[in-house]
Every structure is written in structure tokens, then in C-alpha cells.
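# Observations on the model geometry
One-letter residues, chain by chain:
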Amino acid sequence: MLSKSYTLQTGPFTVSLESSISLVKNYIQQHYSSCMTNTSDDHFIDYHLGVHHGPLYRRLLAPQAEFRLNHRVPFKPLPLSQAHAMFEWGLNWTITSSANQYFIIHAAVLEKNGQAIIISAAPGSGKSTLSAYLATQGWRLLSDELALIDPVTMQVYGTGRPINLKNQSIELMKNYYPEADFSPIAKDTHKGEVCLLKAPEASIANSHTPATPSLLLFVQYTPDEKCHIEKVPPAKSLIEIISNTFNFGLLNQLGFDIAKKLINNTQAYYLEYNSFSLARDAIDSVMKSPRGLQ
Amino acid sequence: MKLIELLAQPQKGVALKLKVWSQIIREARYHNMLAQLYFLYQHNQLAQQLPSVIQATLRSSKYPYDNQKQQLGYEAEKLASQLSQINVSPVFLKGSAYQLLEISSFKGRIMADIDLLIPQEQLVRSEELLLKQGWVPKQVSNYDDKFYREWSQEIPPMRHSQTGIELDVHFNIFPIILKSSPSPEKLLAHAQPIDKCPGARSLTPAAMAYHSAIHLFFESEFHKGLRDLYDLKLLFEQFGCDTFWEDFIQLDKELPHGGCIFLALTYTSSLLGTAIPESVLSHYSKYKLPTLFQKLVDRSFEELFTSYYPEHRSWFHKIAKNLLFWRGHLKRMPAHRLLLHLSSKFFKNLSSKEDSLEELFP
């Protein structure tokens, strides 16, 4: 199969991807169509990735996809049907393990009027789903996975990449997004069923534009709670941020300084919800009142 | 443009296009040398002249290095103090020595493990102590254990059960199976205490460079070749005063394998632009091989040192790799032994699942 290469602009990074797998090629053409950059320019490329077929004998029995980073294979291969998801996971891993010019929080980021909310939560608590919903309600999605804080400007960057929907969230979001934005479903992954939802055009077009963090939100989807929001004391939100930051320990003193600044510059809330619209209203009212809800 | 050219002449990087820098950064990442590149530009005060995206990318590699340095430094100090309680004064070798000595030009050098030299008669009690302190020996077959202890120069590698740091304990400099292998006392006579780390010793500068050269040119695989050759450049440039070179010539009278030293001097000078005094070069040139043979060796090493990165490899790469693979093994083992070893490994591997060239030699 013919190998194709793409140069993608994703947030502050330029990534080159080479793939011989048609699932990946179709996925990139559909989901990253607005991220392609002109390779003839004198451009710095941050990372060189590849997603390729496994060995030939495997292709006949149980076909596999292999992720490559800079001529090395950092992970074991996955079933071919997960190749597009593997590219996303591989790119996340690449960024979190080497982009130490940023303070990298495992969190979603959305922006309105230059003000950003950073939504941090344990996996499975509805972070991506809520972000996908808010992105249809006037918020610009910067990322549903990685919040990149610049240590000097304290601005937050996202990557404007597709949203990771899992299991039931996939059906739920079909009410809000056109069918074409949903990737083929990767079945039986370590996270269950995974579908990648194309980020809204505005997110992609402005993916290199940072925002100022103003709200830290810790969310939990709770089936029997419509909407409950409460303030989180600074010490507690500091601990939450630290435990959700990939390179906190690595950045050492600098990491602590950034975490502290972030806490001082923002309000922090805890949100339990099962209603999208009530959650949206609660977030909007917190953002409007400069000192937050009393 | 190859990474080795910037290591030799960092000022060349100032005028490079971003596209070329992408390739350089890629190659440096491949060799795990990005942090060294960062400190090289800091050290030469050229960093400010680089494009900001390059500065930021180089700087991002500093944090993992700082972290590792702190961790390994702490572990090395602990090892030295624990071993000194049973009257063993370990000699730190290679990367861990450069770090404990705080040689500024070695900033950014990533280490895979801690290397120690412990005299053979102190080995049993040292191993007992290390076991008690949580250092777990790698699981090896009886045959491999015998290979390590009776034929090579080190015991099977150990790994700390909590930190995951690897420890290589050497009891000799050369594989002991070689007839020409001198007793390690000769090199231990050139050990000196490390001021900042009580109980620890390092080799004197000349002996340190001598050992690093022997180590590199006894290798049979060169995935770390560029890093190791660059180490030699840094050692020669850091310490290269008159007394250093006098000691360096003196060592040739005490230790064998001057041929390795000849290669080290030749390649640091030809590939990395290191200035080697004429007198030293002419002293060691007696180890030059017959012209044709030397040319083949030179061409092979040049290929592996300058073009190991997959995109730089030439048609000659595989040949060079194989030639130097066999050269390395024949240096470490007499031919008849090597044949016995390979056939024994071959039959053992028939029954095992994984089989690769690398695993033939633990």
C-alpha cells in the first residue's frame, strides 16, 4: 500500500505523519483537513510520527498497526482497526513525554472572550463529553486532553485535535454533531469503544491562539445529580492540578511555581452534573461574576 | 547536515534553516543527545542566536537531564557511603564519574546506568551488601552467569528494586578471558578520591580517557558510538594539558591495547576536530595497521560514528556494522572460544522463543 505523508499544524506543534494504512489516511483527510500546512516553507517540525502495517505474515492472520516515532517503535502494535486511535494516543504520548517547554496538565481547555476554563478530571468522569457539548454552545475548544501552559506568559495552549469519545458518549453526541464528523469506532480498546469526533472548524483555525486561564473546573458526571457546583479551596485545587500534571516532578521548582501561579490566577470549582444545559449555565454564571459564586 | 558536524563546530548551527534544524533535533533525539546539544549552545553563548523555537525545543530536554542527574547523583553517593562501610572504595567509571566530578562540558549527558569498578577480592562482600540494599541481579541463565564472571569483565547487571536504576559492577577493565588482560591493579593505581563524594573514587584524567577509549573500541555494537566518541573529545579537550598527555603516553607502557588509543586519537581528531598534540599522535601511530586494512577499519568506523542515524546510512552501513561486530567479538574472545560460545548459544537458542544477534552476547 502506498505511503502518504502529511504535515499537520496542531496547536503550537508541527507534526509530520507518514502512513501506509488506508484507515489512517482517510481519517487524516477527514479529521485533519484544515490542519495541513505547506511543506515547501522553511518550517520547523517538532515530531516525526508514522503509523504503518505490522509484519506481512501478521497481515494475513490478525493485521496490526505499528506506531513509529523518529525511526523507533515505542509501543507494542495494536489491531489494525485501532490504527487511527493509535495515532492520537501516540501523539499524546509524544507530547507529554517530550514537550517540557510547557507545563502539561491532563485536562480539557475551552475559551470564550479570551478567558479559558481548564477542566481536569479522572478518566471516565465525562471531561471529553462535556467539552464536546460546550464546543457547540459558543465555547472554542482548545483541547479535550492536554492543557499546555507556557511558563513565561502563563497562557494556555491546546492542540485543536479531534475529541475522544468513549462508549455511551458516542451516541449522545450524535444529537449535536453531523454524522461525517465521527470517525470509525475503534472497538475493544483499553478504554472500551473509542470514536474520534472532528473538532469544530473554529477550534482548528485558531488552534495556535492561546487563552488566559481563568477557571479551574473539576468535573464528575453523576447519574442522579442534575447540577451541583461548589468552590474548591486553593490548597485542594493545587493538589488536584499537581496530580493531573504529566511533568510536574520533572519541572521541579519551576513546576511548583507554575502550579502556584495558576491557582492564584484562577477560581476553582467542583461540578457534579447529569444535565448538559444546567452545567453550561452554571459555568457561564461562574465566569461572569469576577469573584465567583458566593 | 549531520549532528556530528554541529558537535565539532557548534557555530555552524547559527545560520541553519529551520528545516535543517528539524533534522538535527531528530538525530539528537535519536541518539539521546538533545540535552548535550542544549548545554553545548549555552556553554558557547550561542543559544541566543538560534531561532526561538529551536531554543525552546533544546531547553525542553534540560528537565529530564536535571532530574536524572539528581537521582543518579543521590544513588551514587549512597552507594559510595554504603560500600565504604565494608572498606570497599568503588571507582566510578564513565558517565557516573564525569557527573560526580562535575566536569562542566559533560552537562546534559544522559546515562543509562552507573558503572563501578571493584577489585575482584572485594567482589563477594560487595555483592552481598548490594543485595541487602535492594540491588537485584538481572535474571540470567547459568551459562550467561558463567560468561559474565569467567570470561568478561563484569558481573550480570543489577537493578535497584525501588528506583529502577541500573548498576554495572566491573571487576576488570578488559575481559578476563584474554591472555593480554592485565590485572586491574594497574589501572586502580591511577584512581583518586572524588572530593565531593566521600568514599568514591575516579580514575585520574589520563586513565579515565584511556579507559573510555578502550571501552569504546572493544565494543561490537555502536548505537552509542557517537556519544562515546564525543565523550573522548570532551575528555581530551577538558584535561589536555602537557602533563595529561605525558601521563597518556606513559600509560601505553603499562597497559596493552594501544591500538584502541590510536583509533580514539585519530577519530576524535578527524571526525570531531579535536586538537591532539603531534607528539602524542606520532607516539601512538606505531599501532597503525597495514594501509589497506587500516583504510577499511577507518571507513567502517567513520560510517558508524557519523551516519548511524537511519537517514544518513549509506550502502556501506550494513557491511561496516558486520565487520565491526566481528572485530569487537574477536577482540573480546579468542577465536576458538568464540566459536564454542556461538555454537553453544546457537543450540540454547533453538529451544528459546526469541533469537537475535544481540542476545548471543549478554
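Above this text sits the structure in question.
This report concerns the structure included in the present document. Just so we're clear, the structure is a prediction, and the values are computed from it rather than from any experiment.

### Some remarks on the overall build of chain A
Scanning chain A from N- to C-terminus turns up 9 helices and 16 strands. For 294 residues, the compact-globule formula gives about 19 Å, and the C-alpha radius of gyration of chain A, at 19 Å, lands near that figure. For chain A, buried positions account for 55% of its 294 residues. Long-range pairs, those at least 24 residues apart, make up 69% of the contacts in chain A with a sequence separation of at least 6.

### Section: the packing of aromatic side chains
Inspection of every chain in the model, using the stated rule, returns 38 aromatic pairs over all chains. Ring centres of A:Phe13 and A:Tyr47 lie 5.8 Å apart, and the angle between their planes is 55°; on these two criteria the pair is classed as tilted. A residue pair is termed long-range when its members are at least 10 positions apart, and A:Phe13 in strand E2 (residues 13-19) and A:Tyr47 in strand E3 (residues 47-53) qualify at 34 residues. In terms of burial, A:Phe13 and A:Tyr47 fall into one category: buried. Each ring, one from B:Phe325 and one from B:Trp326, has its centre 5.4 Å from the other, and the planes form 85°; the classification is edge-to-face. A relative accessible area of 38% places B:Trp326 in the partly exposed class. Here the aromatic cluster, defined as three or more aromatic residues joined through ring pairs, consists of B:Tyr210, B:Phe236, B:Phe239, B:Phe244, B:Trp245, B:Phe248, B:Tyr284 and B:Tyr287. Its end group placed over the ring of A:Phe182, A:Lys174 keeps NZ or CZ at 5.3 Å from the ring centre.

### Thoughts on the interface of chain A and chain B
Each side of the interface is counted separately: chain A has 21 residues, and chain B has 22 residues. For the pair chain A and chain B, the summed buried area comes to about 1,800 Å², and 51% of that belongs to carbon and sulfur atoms. Summed over the three residues of chain A that lose the most area to chain B, namely A:Asp42, A:Phe44 and A:His71, the buried surface amounts to 34% of that side. The tally of links between chain A and chain B comes to 0 salt bridges. The interface formed by chain A and chain B contains 11 residue pairs in polar contact (both at pLDDT 80 or more).

### Some thoughts on the nonpolar core
Within the largest apolar cluster, 110 residues are counted, with the highest numbers of intra-cluster contacts made by B:Trp21, B:Leu37, B:Phe217 and B:Phe248. When neighbours within four sequence positions are excluded, B:Phe217 is seen to be in contact with B:Leu229, B:Leu232, B:Cys260, B:Leu263, B:Ala264, B:Tyr267, B:Phe301, B:Phe305, B:Arg327 and B:Lys331. Counting residues in each nonpolar core, the second largest holds 35 residues, with A:Met86, A:Tyr102, A:Leu196 and A:Ala199 among its members.

### Some details on the pattern of salt bridges
Residue and element names in this part refer to chain B. Under the definition given, this model contains 21 salt bridges over all chains. Between Glu 311 and Arg 26 there is a salt bridge, and its shortest N-O distance comes to 3.0 Å. Taken together, the residues Glu 311 in the loop between helix H15 (291-306) and helix H16 (317-332) and Arg 26 in helix H2 (residues 18-30) connect sequence positions 285 residues apart. According to the relative accessible area criterion, Arg 26 is buried, its value standing at 11%. A salt bridge links Asp 145 to Arg 149, with the shortest nitrogen-to-oxygen separation between them at 3.2 Å. With Asp 145 and Arg 149 both in helix H8 (residues 142-151) and 4 residues apart, this pair spans about one turn of that helix.

### Quick look at the layout of surface pockets
Roughly 1,100 Å³ of volume is contained in the second largest pocket. What lines the second largest pocket is a set of 36 residues, and nearest its centre among them are B:Arg29, B:Tyr30, B:His31, B:Asn32 and B:Met33. Among the elements of the structure, E3 and helix H3 (83-98) of chain A together with H2, helix H3 (34-43), helix H5 (62-84) and helix H11 (225-239) of chain B are those that each provide at least two residues to the lining of the second largest pocket. At 4 residues, the largest contribution of residues to the lining of the second largest pocket is made by H3(A). Tallied by class, the residues present in the lining of the second largest pocket amount to 16 nonpolar, 13 polar and 7 charged.

### A short note on the sheet that holds strand E13 (residues 192-197) of chain A
Consider a sheet: its strands pair through backbone hydrogen bonds, and that pairing is either parallel or antiparallel. Residues and elements named next belong to chain A. Sheet architecture is open: 3 strands sit in the order E11-E13-E12, paired in antiparallel fashion. Of all strands in the sheet, those bounded by a partner on one side alone are strand E11 (163-166) and strand E12 (186-189). Sheet twist, expressed as the mean angle between neighbouring strand axes with direction ignored, is 35°. With 4 bridges connecting them, E11 and E13 associate as antiparallel partners. For Asn 164, the partnering residue across the bridge sits in E13 and is Leu 196. Sitting on the sheet, helix H4 (residues 127-134) is in contact with E11 and E13, with an inclination near 125° to E11.

### Description of unusual backbone geometry
Backbone geometry places A:Asn70, a non-glycine residue, at a positive phi of 50°. Mapped onto the secondary structure, A:Asn70 falls in the loop between strand E4 (64-69) and strand E5 (78-79). A relative accessible area of 10% means that A:Asn70 is categorised as buried. With a phi close to 60°, B:Asn32 is a non-glycine residue in the positive phi region. Mapped onto the secondary structure, B:Asn32 falls in the loop between H2 and H3.

### Points about the sheet that holds E4(A)
All names here are of chain A. Strand order in the open sheet made by the 5 strands is E1-E2-E3-E4-E5, with mixed pairing throughout. At either end of the open sheet lies a strand with only one pairing partner, and these are strand E1 (4-10) and E5. Pairing of E1 with E2 involves 7 bridges; the strand directions are antiparallel. Looking at E2, one finds that Lys 4 is bridged to Ser 19.

### Describing H16(B)
In this model, H16(B) (16 residues) spans 23 Å end to end at C-alpha, consistent with the 22 Å of a helix rising 1.5 Å per residue. Within H16(B), the full set of buried residues consists of B:His317, B:Ala320, B:Leu324, B:Phe325, B:Arg327, B:Gly328 and B:His329.

### Let's talk about the side chain of B:His170
Secondary-structure assignment places B:His170 in strand E5 (residues 166-170). Ignoring sequence-local partners within four residues, the contact set of B:His170 consists of B:Leu93, B:Asp115, B:Leu116, B:Leu117, B:Ile118, B:Gln153, B:Glu154 and B:His215.

Reading the values: the criteria
- Residues numbered from 1 in each chain as written.
- Chains lettered and ligands numbered in written order.
- Predicted model: local features only at pLDDT ≥ 70, side-chain atom pairs only at ≥ 80, totals over all residues.
- Heavy atoms only, no water.
- Helix = DSSP H or I, 4+ residues; strand = E, 2+ residues; numbered from the N terminus.
- Rg over C-alpha atoms; globule rule 2.2 N^0.38 Å.
- Buried < 20%, exposed > 50% of the residue type's maximum accessible area, 1.4 Å probe, protein only.
- Contact = heavy atoms within 4.5 Å.
- Phe/Tyr/Trp six-rings, centres within 6.5 Å; stacked < 30°, edge-to-face > 60°.
- Lys NZ or Arg CZ within 6 Å of the ring centre and 35° of its normal.
- Buried area = accessible area lost by both parts, 1.4 Å probe.
- Salt bridge = Lys/Arg side-chain N within 4 Å of Asp/Glu carboxyl O.
- Polar contact = N/O pair within 3.5 Å; in protein donor to acceptor, adjacent residues only side chain to side chain.
- Core = buried A, V, L, I, M, F, W, Y, C linked by side-chain atoms within 4.5 Å.
- 1 Å grid on protein atoms, 1.4 Å probe; cavity = no way out; pocket = protein on both sides within 12 Å on 5 of 7 lines; lining within 4 Å.
- Points joined across faces, edges and corners; volume = space filled by probe spheres on them.
- Nonpolar A, V, L, I, M, F, W, Y, C, P; charged D, E, K, R; others polar.
- Pairing = 2+ DSSP bridges.
- Axes fitted to C-alpha atoms, helices over the stretch in contact; angles between N-to-C directions.
- Expected span 1.5 Å × (residues − 1).

These values are about where atoms sit, not about what they do.
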